[in-house]
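The primary structure of each chain is shown beneath.
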Amino acid sequence: MSQTVADQLLERLTRWGVQRVFGYPGDGINGIMGAFGRHAEDFDYIRVRHEEMAAFMAGAHAKFTGDVGVCLATSGPGAIHLLNGLYDARMDHQPVLAIVGQQAVTSLGSDYQQEVDLHTLFRDVSNYVETVASPSQLLHVIDRALRVACSERQVATVIIPNDVQQMPAEKPPHKHGHVYSGVGFIAPRPYAREEELVAAAEILNAGRKVAILVGAGALGAHQEVEAVAEALSAGVAKALLGKMVIADDLPYVTGSIGLLGTRASAELMERCDTLLMIGTTFPYSEFLPRPGQARAVQIDLQARNVSMRYPIDQVLLGDAGETLQRLLPLLKPKRHGTWRIRIEKAVENSWKELREQAMKPAEPINPQRVFWELSPQLPDDVILAGDSGSHTNWYARDLRARPGMLGSLSGKLASMGSGVPYALAAKLAHPERPVIAMVGDGAMQMNGNAELVTVQQYHKRWKDNPTFIVLVLNNGDLNQVTWEQRALAGDPEFAAAQEVIDFPYARYAELLGFRGIRVTDPAHLGAAWQEAFESDRPVLLEVLTDPDVPPLPPHISFEQARNLLGALPGDPRRWGVLRQSARQLLARK
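For the protein, the name recorded in an unreviewed UniProt entry is Thiamine pyrophosphate-requiring protein, with Pseudomonas denitrificans as its organism. Check the Sequence similarities (unreviewed entry) section of the UniProt entry for the protein; it says "Belongs to the TPP enzyme family."

This is the structure we're talking about:
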């Protein structure tokens, strides 16, 4: 058989180093699927249960490997399904290539079945979107798409009509109207000027109360962050995607910031006179110092991210680790005086407070305790994949990150349903490492249950390290939204919308051949985690938790308190909410 455009596509992906593709078949990509059959030895093709999961997995693959993630979908509805996962990658700055089918070129414009204007559909989510209308066009379109995705850390989309996929492959002729391209890219690497480093050092040296905020852009630079924090006698707070930047056991690390944050981080930002932001676009400015309170230095790779959350006095464009290494010799070490002592005391009190809150009784289990019991049992090389919900609060606050761990979730988009596909992508990329998905019952019913079938399809690859744990917090409630309705809108829980029907998660896992563990007593949590880590197969750990335990922000505003009190008279769970809120507030120092 002569080489087709689809064959040429896969050969080009191989030259770019792509080895894994997440996808779902359909007649709009029949030509590409046929080529995958012919090139099966070159690719690990992962067939998901839904195209949205393919896009989530491609973004997670990029997060956990640093390589481009690739997803594949058919025309029309298949392409549409990709969008949410692609927006997750776009908003968290991950390189992803989406390859989608289209109806035959000859049918376009005729209102054909499954004909969708894919250029319009993908224009917002993609930094590059193009249709391959001619075989000789394919190579430069694929090269350009991958170069844009990798160098700009964004989504690129290539649309290939199904008739073009099956045409004979062509190389562009050497004549007018044709273009040529090659494989590979160079990542842009801004490099701060010496005078900018000196100016930044002067600001930081002059500061008496320095705070550092790290985000995902500082991942891999923990040694440099620690050295700068020690030199400046600073405290370090972490944005959600920066949780794994630096260990939580360090006495000056205040933990997470914002609504999911600790009171130590809130105090750090409220009292500092100097702020160093490293690789973060943390969105909630109200949790940063008041404008004019602190002089600020920002380190980032992208000029577009500068001064977008807080007025910055000196910008340093560049890689976080490299820039900190160059900055460090210019810093004048500060004595660990009153400011540092205050930070460390706040951190000590914060951990005591979190433990006391986690150990408060609940009906039946306090969700904070689930994460508190997990922390000491975490392997050093664990990968943690979160979802979006009230459990995100407990992941952010109660889990103690250590060097060597990886962890991520849907950050800027905060999409439900990302936990299980993120975990699966992590395990496929790192089969030698233990992986944990942390999911609420709402997200599990949204798509997690379906993607357990994908886990069942591939888990036998992980014989050397079978540890793959899906934690399901079963509280019968879309809990984060319920609390947001109460505290932000002043409305009681609307049970018809918020109630999550009961489902036998652990038993369902056993039907798939996994180990199912169901915990209804907090005294059994430690043993349950130990059993999960020792299992010779994937585990679903279902824990019945109390939906009335409030995800308290570090400080409760008058408006939030007023809204909550106003919502309670009509709330079907008002007595449980009052009881648990009182317990949590009394646990605060």
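Caption draft 1: How the structure looks around helix 16 (residues 419-429). Among the 11 residues in helix 16, 10 count as buried, and that is most of the element. G419, V420, P421, Y422, A423, L424, A425, A426, K427 and L428 are the residues of helix 16 that are buried.

Caption draft 2: Fine view of the packing of helix 1 (residues 5-15) against helix 7 (residues 138-152). Running from N to C, helix 1 and helix 7 cross one another at 35°; their axes reach a closest spacing of 10 Å. Of the two possible hands of crossing, helix 1 and helix 7 adopt the one that is right-handed. Across the interface between the two elements, V5, Q8, L9, R12 and L13 of helix 1 pack against L138, L139, I142, D143 and L146 of helix 7. The class makeup of the residues in the contact of helix 1 with helix 7 is seven nonpolar, one polar and two charged.

Caption draft 3: Just empty space enclosed by the protein, in detail. Overall, the coordinates contain five cavities of 30 Å³ or more when judged by the stated rule. By volume, the largest cavity is sized at about 100 Å³. Forming the boundary of the largest cavity are 16 residues, of which E353, L354, Q357, R397 and R588 lie nearest the centre. Of all the secondary-structure elements, those providing two or more residues to the lining of the largest cavity are helix 13 (338-358) and helix 15 (391-398). Among the elements that line the lining of the largest cavity, the one with the most residues is helix 13, at four residues. A breakdown of the residues in the lining of the largest cavity according to their chemical character gives six nonpolar, six polar and four charged. When its volume is computed, the second largest cavity comes out at roughly 70 Å³. Taken together, 15 residues form the lining of the second largest cavity, with T254, G255, T262, W351 and R397 sitting closest to its centre. Looking at the lining of the second largest cavity, the elements with two or more residues in it are strand 9 (253-256), helix 13 and helix 15. Residues that form the lining of the second largest cavity fall into these classes: seven nonpolar, five polar and three charged.

Caption draft 4: The arrangement of the packing of aromatic side chains in detail. As enumerated under the stated definition, the model contains 10 aromatic pairs in all. Both rings, one in F36 and one in Y45, keep their centres 5.1 Å apart while their planes meet at 50°; by these two values the pair is tilted. The buried category is assigned to F36, whose relative accessible area is 8%. With 5.5 Å between their ring centres and 75° between their planes, F503 and Y508 make a pair best called edge-to-face. For Y508, a relative accessible area of 18% gives the class buried. An aromatic cluster is defined as three or more aromatic residues linked by ring pairs; in this entry it consists of F36, F43 and Y45. Over the ring of W351 we find R400, and its NZ or CZ is 3.7 Å from the ring centre.

Caption draft 5: Summary view of the pattern of salt bridges. Enumeration over the complete set of coordinates arrives at 28 salt bridges. A salt bridge links E196 to R193; the shortest N-O distance between them is 2.7 Å. A salt bridge links D571 to R486, with the nearest nitrogen and oxygen atoms 2.7 Å apart. In this pair, D571 sits in the loop between helix 22 (558-567) and helix 23 (574-586) while R486 sits in helix 18 (residues 479-489), placing the two residues 85 residues apart along the sequence. Owing to a relative accessible area of 0%, D571 belongs among the buried residues under this scheme. Owing to a relative accessible area of 1%, R486 belongs among the buried residues under this scheme.

Caption draft 6: Representation of the UniProt feature "domain: Thiamine pyrophosphate enzyme N-terminal TPP-binding" (unreviewed entry) in the protein in the model. Following the UniProt record, one finds the feature "domain: Thiamine pyrophosphate enzyme N-terminal TPP-binding" (unreviewed entry) at residues 4-118. For the annotated span residues 4-118, helix accounts for 43% and strand for 17% of the residues, and the straight-line distance between the end C-alpha atoms is 23 Å.

Caption draft 7: Summary view of the sheet that holds strand 17 (residues 515-519). Spatially, six strands are ordered 14-13-15-16-18-17 in an open sheet, and the strand pairing comes out parallel. Each having just a single partner strand, strand 14 (406-408) and strand 17 make up the two edges of the open sheet. Between one strand axis and the next, the sheet turns by 15° as a mean value, whatever way the strands run. With six bridges connecting them, strand 15 (residues 435-440) and strand 16 (residues 468-474) associate as parallel partners. Its bridge partner being in strand 16, A437 is matched across the sheet by V470.

Caption draft 8: Broad picture of helix 2 (residues 30-38). For helix 2, every residue scored as buried is listed here: G31, I32, A35 and F36. Viewed along the axis of helix 2, the buried residues span an arc of 145°, placing them on a single side of the element.

Caption draft 9: The pairing of strand 18 (residues 539-544), seen in detail. The element strand 18 is extensively covered by neighbouring structure, given that six of its six residues are classed as buried. Of the two faces of strand 18, the one carrying V539, L541 and V543 and the one carrying L540, E542 and L544 are both buried. As paired strands, strand 17 and strand 18 are joined by five bridges and run parallel to one another. Across the sheet, residue I517 finds its bridge partner in strand 18, namely L541. Regarding topology, helix 21 (residues 525-534) serves as the crossover connection from strand 17 to the parallel strand 18, and that connection is right-handed.

What counts and how
Residues numbered from 1 in each chain as written. Predicted model: local features only at pLDDT ≥ 70, side-chain atom pairs only at ≥ 80, totals over all residues. Heavy atoms only, no water. UniProt positions renumbered as here; feature names shortened; annotations may be inferred. Buried < 20%, exposed > 50% of the residue type's maximum accessible area, 1.4 Å probe, protein only. Helix = DSSP H or I, 4+ residues; strand = E, 2+ residues; numbered from the N terminus. Axes fitted to C-alpha atoms, helices over the stretch in contact; angles between N-to-C directions. Left-handed = near helix turned anticlockwise from the far one by under 90°. Contact = heavy atoms within 4.5 Å. Nonpolar A, V, L, I, M, F, W, Y, C, P; charged D, E, K, R; others polar. 1 Å grid on protein atoms, 1.4 Å probe; cavity = no way out; pocket = protein on both sides within 12 Å on 5 of 7 lines; lining within 4 Å. Points joined across faces, edges and corners; volume = space filled by probe spheres on them. Phe/Tyr/Trp six-rings, centres within 6.5 Å; stacked < 30°, edge-to-face > 60°. Lys NZ or Arg CZ within 6 Å of the ring centre and 35° of its normal. Salt bridge = Lys/Arg side-chain N within 4 Å of Asp/Glu carboxyl O. Pairing = 2+ DSSP bridges. Arc of directions from axis to C-beta. Right-handed = clockwise from strand over helix to strand, strands pointing away.

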